Amino acid sequence: MWEWRPKLGWHRLWWRLSLRARLTVVASLALAFGLGAGAVLLLVITGRSLLSTVDGGAIRTGGEIAELVNADRLPVPLPVTGPSIAVVQVVDAAGRVRAASANADHLVPLLRPAEIAAVRAGDRLFIAGDRAGLSTELRVVGVPAGPVGDPQTVIVAVGIGQLQDSLRVITIWVAVTGPALLAVLALLFWRVTGWTLRPVAALTRGAQDITGGGPDRRLPVPAARDEIHRLASTLNGMLDRIDASRQRQRAFVSDAAHELRSPLASIRTQLEVAQRVGDLDRVGVGVLADVLADVDRLSRLVDDLLLLARLDEGRPARQPAGPVELAGLVADLLSRYEGARVAVRAGGLAPAVVLGDADGLRRLVGNLLDNAVRHARAAVRVRLAAQDGWVMLRVGDDGPGIPATDRDRVFDRFTRRDDARSRDAGGAGLGLPIARELARAYGGDISFSGDEPGGFAVVVRLPVDGRV
């Protein structure tokens, strides 16, 4: 059987790992990706939240200064309301510093003209702290102020050193706790996977303990109603079917050996008698007739066994199936029973076409006729009708019938009723089993009917060939 074998080394290493290890690795990678994405998202959201707080405080400060500019009540120096506010300047359209906070330059604007226009339009900028003589980076916002004829811009710069320190602490905390949390979760998943796969390990041990020596050995079924429970139940059902099949096979082999041994013993006995008598002219004709009869019986038995083997393999016939006119086939078979022990009559043969092969259908009908002739007292009646897409073949006789308790048993192979155990008159117990297997192979089935006038009937139901 072809088996895919990876060529890369890491592929071979991966497939050599146990299922538990592979599941743990996959889950750990997924957890690592999730924790990493969560850490990045945490840092981004926290940074934006802190920056939004910084911007909000700077804009409030700029708004307060803008109100003073609009009221023409600017104090010298400008007041700084927040502890994190680094620099505050009021710059006019010509780039001159009108006012500034105590720690700001009163002559040179903090921003360049293009940057002043940007913050006046609502942008927020990051600039180096050395512009204001500071070591930390600055966040700068601008608030428009002044009358229309004298537009001015309030520039507020805030140091973000504390914000960066906060983000650095959070980053270190995530970098330390993230791997630790991942290790704990991976270990927890390893243990949970082990608990989950424990029933699978029990199934493996149970399968290793089953050697086929005992019919009652079964796999352990976990109490939980989960997929493992259904798997164990399904496997036990499969073992039951295998045991049943093995028992049927053993019984079949035993019965076949018994049936083959009887004619062989008879042939041997007759030949030994002829050899001891020595007068072949006196006993040769009778011995030859008996031996030929036993050989015919062996030939029929071997043919039946080969047919059953084909049916068991799902091959009902040696030739392809096709439409068969069943009425003509039944009429041809009935003509062969003109010299039978009892009268075999047709009670009505309606035209009917079924899908099958002529040899198989001839064997099916012939087995039923042989069985009916064997058990009938005086007559056998055959009827063929088609109704509701089915062809119904009814073979009845006026014999004793089959008790209801034995109607399923007679379809077992090599099963014969007590009145059919004579080697000469009785069959091998394969006629009805072969007939039912053939009927089922053609999509139908066989049943018994006790409403036959004066006797008993076997009813074969076959589907009408829908292509005709």
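Predicted, not measured: the structure shown is a model, and the values here were computed from it.

### A closer look at the packing of aromatic side chains
Thought 1: One pass over the structure, following the stated rule, counts 0 aromatic pairs.
Thought 2: For R139, the ring lying beneath its charged end belongs to F126, and the centroid distance is 4.5 Å.
Thought 3: Geometry around W390 places R461 over its ring, the cationic atom sitting 4.1 Å from the centre.

### Some points on the pairing of strand 12 (residues 456-463)
Thought 1: Within strand 12, 6 of the 8 residues are buried, which leaves the element mostly enclosed by the surrounding structure.
Thought 2: Examined bridge by bridge, strand 11 (residues 445-449) and strand 12 share 5 bridges and lie antiparallel to one another. Bridging from a neighbouring strand, D445 pairs with R461 of strand 12.

### Remarks on the pairing of strand 5 (residues 152-159)
Thought 1: Within strand 5, 7 of the 8 residues are buried, which leaves the element mostly enclosed by the surrounding structure.
Thought 2: Looking at chain direction, strand 1 (residues 85-92) and strand 5 are connected through 7 bridges and run antiparallel. Looking at strand 5, one finds that D92 is bridged to Q152.
Thought 3: Taken together, the 8 bridges between strand 4 (residues 138-145) and strand 5 define a ladder with antiparallel strand orientation.

### Comments concerning the pattern of salt bridges
Thought 1: Taken as a whole and judged by the stated rule, the model has 11 salt bridges.
Thought 2: Among the ionic pairs, D445 bridges to R440, the shortest N-O distance being 3.3 Å.
Thought 3: Judged by its relative accessible area of 42%, R440 falls in the partly exposed class.
Thought 4: Salt bridges linked by common partners bring D92, R96, R98 and D150 together as one network.

### Re unusual backbone geometry
Thought 1: Of the consecutive residues V76 and P77, the connecting peptide bond is found in the cis state with omega at -5°.
Thought 2: Looking at the secondary structure, you find P77 in the loop between helix 2 (19-70) and strand 1.
Thought 3: Backbone geometry places D72, a non-glycine residue, at a positive phi of 55°.
Thought 4: For D72, the position within the fold is in the loop between helix 2 and strand 1.

### A word on the side chain of S28
Thought 1: Relative to the helices and strands, S28 resides in helix 2.
Thought 2: Residue classification places S28 among the buried positions, given a relative accessible area of 17%.
Thought 3: Within the local environment of S28, its side chain forms a polar contact with the backbone oxygen of T24, the two atoms lying 2.7 Å apart.
Thought 4: With near-sequence residues (within four places) excluded, S28 lies in contact with L182 and A186.

### A few points about the side chain of D357
Thought 1: Secondary-structure assignment places D357 in the loop between strand 8 (353-356) and helix 8 (358-375).
Thought 2: For D357, the side chain forms a polar contact with the side chain of Y442, separated by 2.3 Å.

### Let's talk about the sheet that holds strand 12
Thought 1: If you walk across this open sheet you meet the 5 strands as 7-9-10-12-11, and the pairing is mixed. Edge strands, defined here as strands with exactly one partner in the open sheet, are strand 7 (343-349) and strand 11. Between one strand and the next, the sheet's axes are offset by a mean angle of 20°, whatever the strand orientation.
Thought 2: Pairing analysis gives 8 bridges linking strand 9 (residues 379-387) to strand 10 (residues 390-397), with the strands arranged antiparallel. Among the inter-strand pairings, R381 is bridged to a residue of strand 10, identified as G396.
Thought 3: Strands strand 7, strand 9, strand 10 and strand 12 of the sheet are contacted by helix 7 (residues 326-334), whose axis makes an angle of about 165° with strand 7.
Thought 4: Across the sheet, helix 8 touches strand 7, strand 9, strand 10, strand 11 and strand 12, and the angle it forms with strand 10 is around 25°.

### Here we look at helix 2
Thought 1: Spanning 52 residues, helix 2 covers 75 Å between terminal C-alpha atoms, matching the ideal 76 Å at 1.5 Å per step.
Thought 2: Phi turns positive, to about 55°, at D72, one or two residues after helix 2.

### Points about the packing of helix 8 against helix 9 (residues 431-441)
Thought 1: The contact between helix 8 and helix 9 brings their axes to 9 Å, and the two run at 145°. Between helix 8 and helix 9 lies a crossing whose hand is left-handed. For the pair formed by helix 8 and helix 9, the contact residues are G360, R363, L364, N367, L368 and N371 on the first element and G431, L432, I434, A435, L438 and A439 on the second.
Thought 2: Looking at the contact of helix 8 with helix 9 residue by residue, the class counts come to 7 nonpolar, 4 polar and 1 charged.

### Focus on the nonpolar core
Thought 1: Grouped together as the largest cluster of nonpolar side chains are 42 residues, with contacts concentrated most on L326, L368, L369 and V380.
Thought 2: Put simply, the parts of the chain that give this core at least two residues each are helix 7, helix 8, strand 9, strand 10, helix 9, strand 11 and strand 12.
Thought 3: Setting aside chain neighbours within four positions, we find L368 in contact with V395, L432, A435, I446, V458 and V460.

### A word on the confidence of the model for the chain
Thought 1: Model confidence for the chain is summarised by a mean pLDDT of 80, while 76% of its residues fall at 70 or above.
Thought 2: Considering each helix and strand of the chain separately, the mean pLDDT is smallest for helix 6 (residues 280-312), with a value of 65, and largest for strand 4, with 93.
Thought 3: Within the model, the stretch residues 419-425 combines pLDDT values under 50 with 10 contacts to residues more than four positions away or in other chains.

### Focus on the sheet that holds strand 1
Thought 1: Ordered in space as 2-1-5-4-3, the 5 strands form an open sheet in which the pairing is antiparallel. Strands at the two margins of the open sheet, each flanked by one partner only, are strand 2 (97-100) and strand 3 (125-127). Across the sheet, the mean angle separating the axes of adjacent strands is 30° when strand polarity is ignored.
Thought 2: Set on the sheet, helix 2 makes contact with strand 1, strand 3, strand 4 and strand 5; between it and strand 4 the angle comes to about 35°.
Thought 3: Packing against the sheet, helix 3 (residues 113-120) makes contact with strand 1, strand 3, strand 4 and strand 5, and its axis sits at approximately 70° to strand 4.

### As for the environment of R22
Thought 1: Structurally, R22 can be placed in helix 2.
Thought 2: The exposure class assigned to R22 is buried, which follows from its relative accessible area of 17%.

What counts, and where the lines are drawn
- Each chain carries its own residue numbering, running from 1 in the direction its sequence is written.
- For a predicted model such as this one, the threshold for reporting local features is a pLDDT of at least 70, and the threshold for listing and counting side-chain atom pairs is 80 or more; totals across whole chains, interfaces and linings nevertheless cover every residue.
- As a rule here, side-chain values come from all non-hydrogen atoms in the structure, and water together with hydrogens is ignored.
- Here the aromatic set is Phe, Tyr and Trp, taking the six-membered ring for Trp, and pairing holds for ring centres within 6.5 Å; pairs whose planes are under 30 degrees apart are stacked, those over 60 apart are edge-to-face, and all others are tilted.
- For a ring to carry a charge above it, either NZ of a lysine or CZ of an arginine must fall within 6 Å of the ring centroid while also lying within 35 degrees of the normal to the ring plane.
- Only protein chains enter the accessibility calculation, which uses a 1.4 Å probe; a residue is then buried when its area is under 20% of its type maximum, exposed when over 50%, and partly exposed in between.
- Only DSSP runs of H or I covering at least 4 residues are called helices, and only runs of E covering at least 2 are called strands; the numbering of each starts at the N terminus.
- Only strands that DSSP links by at least two bridges are regarded as paired with each other.
- By salt bridge we mean one thing: a side-chain nitrogen of Lys or Arg within 4 Å of a carboxyl oxygen of Asp or Glu.
- Throughout this description, a polar contact denotes any pair of N or O atoms lying within 3.5 Å of each other; where both atoms belong to protein, one of them has to be capable of donating a hydrogen while the other can accept it, and for residues adjacent in sequence the pair is counted only when both atoms sit in side chains.
- By definition, residues are in contact when any of their heavy atoms lie within 4.5 Å.
- The axes used here are C-alpha line fits, helices contributing only the stretch in contact, and every angle between their N-to-C directions lies in the interval 0 to 180 degrees.
- Expected span of a helix, by definition, is 1.5 Å for each gap between consecutive residues, and there is one gap fewer than residues.
- Left-handed is the label given to a crossing in which the near helix is rotated counterclockwise from the far helix by less than a right angle, and right-handed is the label when the rotation is clockwise.
- Put simply, Ala, Val, Leu, Ile, Met, Phe, Trp, Tyr, Cys and Pro go in the nonpolar bin, Asp, Glu, Lys and Arg in the charged bin, and everything else, Gly too, in the polar bin.
- Within this scheme, the nonpolar core is defined by two criteria: the residues are buried Ala, Val, Leu, Ile, Met, Phe, Trp, Tyr or Cys, and they are joined through side-chain atoms within 4.5 Å.
- pLDDT measures the predictor's confidence residue by residue and takes values from 0 up to 100.

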